[in-house]
Amino acid sequence: LATSTVGTTLADLIDRTQGLGYGLGSALLLSLLAIVFIAWRASGEPLSVDAVQSRLTEGYYWVAIVISNTLGTALGDFFGDENP
C-alpha cells in the first residue's frame, strides 16, 4: 500500500508539479527503471526475488518496485488523458 501511495505522489510530482507532462514523465521513469535493472544485473546480485539474501538485492528490489508503481500511475494518466 505504501509503495502505491508513494508511486502516485511521485508521478504527480514528476508529471504535474515539475511540468514534464505524462509522456516525458513516463519516458523518464521507464529509463530510470531500465537503469536500476542494468545496475542490479551489473552488481552480480541475483535478479530473483524468491530468495533475497542481501540488503543490496532488497534495495534494488524496492527501488524497482517504487519506480514501477510510479511508472504505472504515469502511464495510466498518459493513456487516460483526454488532451495528450
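Because the structure is predicted, anything quoted here is derived from the model rather than measured.

**Things to note about the pattern of salt bridges**
Then comes step 1: Inspection of every chain in the model, using the stated rule, returns one salt bridge.
Then comes step 2: The salt bridge partner of Asp 12 is Arg 16, with a shortest N-O separation of 3.6 Å. With a gap of four residues between them, Asp 12 and Arg 16 both fall in helix α1 (residues 2–17), about one helical turn apart.

**Things to note about the nonpolar core**
Then comes step 1: Ala 11, Ile 14, Leu 29, Leu 33, Val 36, Trp 40, Tyr 60, Ala 64, Ile 67, Leu 71 and Ala 74 form the largest nonpolar core, which has 11 residues in total.
Then comes step 2: For this core, the secondary structure elements donating two or more residues are α1, α2 (21–42) and α3 (55–80).
Then comes step 3: Broken down by element, this core gets its largest block of residues, five residues, from α3.
Then comes step 4: Filtering out sequence-adjacent residues up to four positions away, Ala 74 remains in contact with Ala 11, Asp 15, Tyr 22, Ser 26 and Leu 29.

**Structural notes on the packing of aromatic side chains**
The description of an aromatic ring pair rests on the distance of the ring centres and on the angle between the ring planes.
Then comes step 1: According to the stated counting rule, one finds four aromatic pairs in the structure shown.
Then comes step 2: With a centroid separation of 5.8 Å and 10° between ring planes, the pair formed by Trp 40 and Tyr 60 is classed as stacked. Taken together, the residues span a long stretch of sequence, with Trp 40 in helix α2 and Tyr 60 in helix α3 at a distance of 20 residues. Tyr 60 carries the same exposure label as Trp 40, and that label is buried.
Then comes step 3: A ring pair is formed by Phe 78 and Phe 79, whose centres lie 5.1 Å apart and whose planes are at 70°; its orientation type is edge-to-face.
Then comes step 4: Following the ring pairs from residue to residue traces out a cluster consisting of Phe 37, Trp 40 and Tyr 60.

**Points about a nonpolar patch on the surface**
Then comes step 1: On the surface, Leu 20, Leu 24, Leu 28, Leu 32 and Ile 35 cluster together into a nonpolar patch covering about 420 Å² of accessible area.
Then comes step 2: Following the sequence through the fold, Ile 35 ends up in helix α2.
Then comes step 3: We classify Ile 35 as exposed; its relative accessible area is 53%.

**Things to note about the confidence of the model for the protein chain**
Then comes step 1: For the protein chain, the mean per-residue pLDDT works out to 89, and 96% of the residues sit at or above 70.
Then comes step 2: Across the protein chain, the secondary-structure element scoring lowest on mean pLDDT is α1, at 86, and the one scoring highest is α2, at 94.

**Focus on α1**
Then comes step 1: Taking 1.5 Å as the rise per residue, α1 with 16 residues should run 22 Å; its terminal C-alpha atoms sit 21 Å apart, in good agreement.
Then comes step 2: The set of residues buried in α1 consists of Thr 3, Gly 7, Ala 11, Ile 14 and Asp 15. What you see down the axis of α1 is that its buried residues fit within an arc of 85°, all on one side. The outward face of α1, more than 90 degrees from its buried face, is lined by the exposed residues Ala 2, Thr 9 and Thr 17.
Then comes step 3: Looking at the buried residues of α1, the elements they touch are α2 and α3.
Then comes step 4: In the segment just after α1, Gly 19 is the residue with positive phi, at about 75°.

The rules behind the values
- Along each chain, the written sequence defines residue order, and numbers are assigned to residues from 1.
- Confidence filtering applies because this is a predicted model: local features only for residues at pLDDT of at least 70, side-chain atom pairs given and counted only at 80 or more, and all residues used for totals across whole chains, interfaces and linings.
- Note that the side-chain values use all heavy atoms of the structure and ignore hydrogens as well as water.
- Salt bridge, as used here: a side-chain nitrogen of Lys or Arg that lies within 4 Å of a carboxyl oxygen of Asp or Glu.
- Comment: elements are numbered from the N terminus, with helices defined as DSSP H or I runs of at least four residues and strands as E runs of at least two.
- We call a set of buried residues a nonpolar core when its members are Ala, Val, Leu, Ile, Met, Phe, Trp, Tyr or Cys and they connect through side-chain atoms within 4.5 Å of each other.
- The rule is simple: take the accessible area with a 1.4 Å probe, protein chains only, and divide by the maximum for that residue type; under 20% is buried, over 50% is exposed, in between is partly exposed.
- Contact definition: two residues touch when any of their heavy atoms are within 4.5 Å.
- Think of it this way: a Phe, Tyr or Trp ring, Trp meaning its six-membered ring, pairs with another when their centres are within 6.5 Å, and the plane angle makes it stacked under 30 degrees, edge-to-face over 60, tilted otherwise.
- For patches, a residue must show more than 30% relative accessible area and have no salt bridge; joins then use 9 Å for like charges and 5 Å for nonpolar side chains, namely Val, Leu, Ile, Met, Phe, Trp and Tyr.
- Surface accessibility in these figures is a Shrake-Rupley result with a 1.4 Å probe; residues are shielded only by whichever protein chains are displayed.
- Predictor confidence is given residue by residue as pLDDT, running from a minimum of 0 to a maximum of 100.
- The span expected for a helix works out to 1.5 Å for each residue beyond the first.
- Regarding the arc, it is the one traced by the directions from the helix axis to the C-beta atoms.

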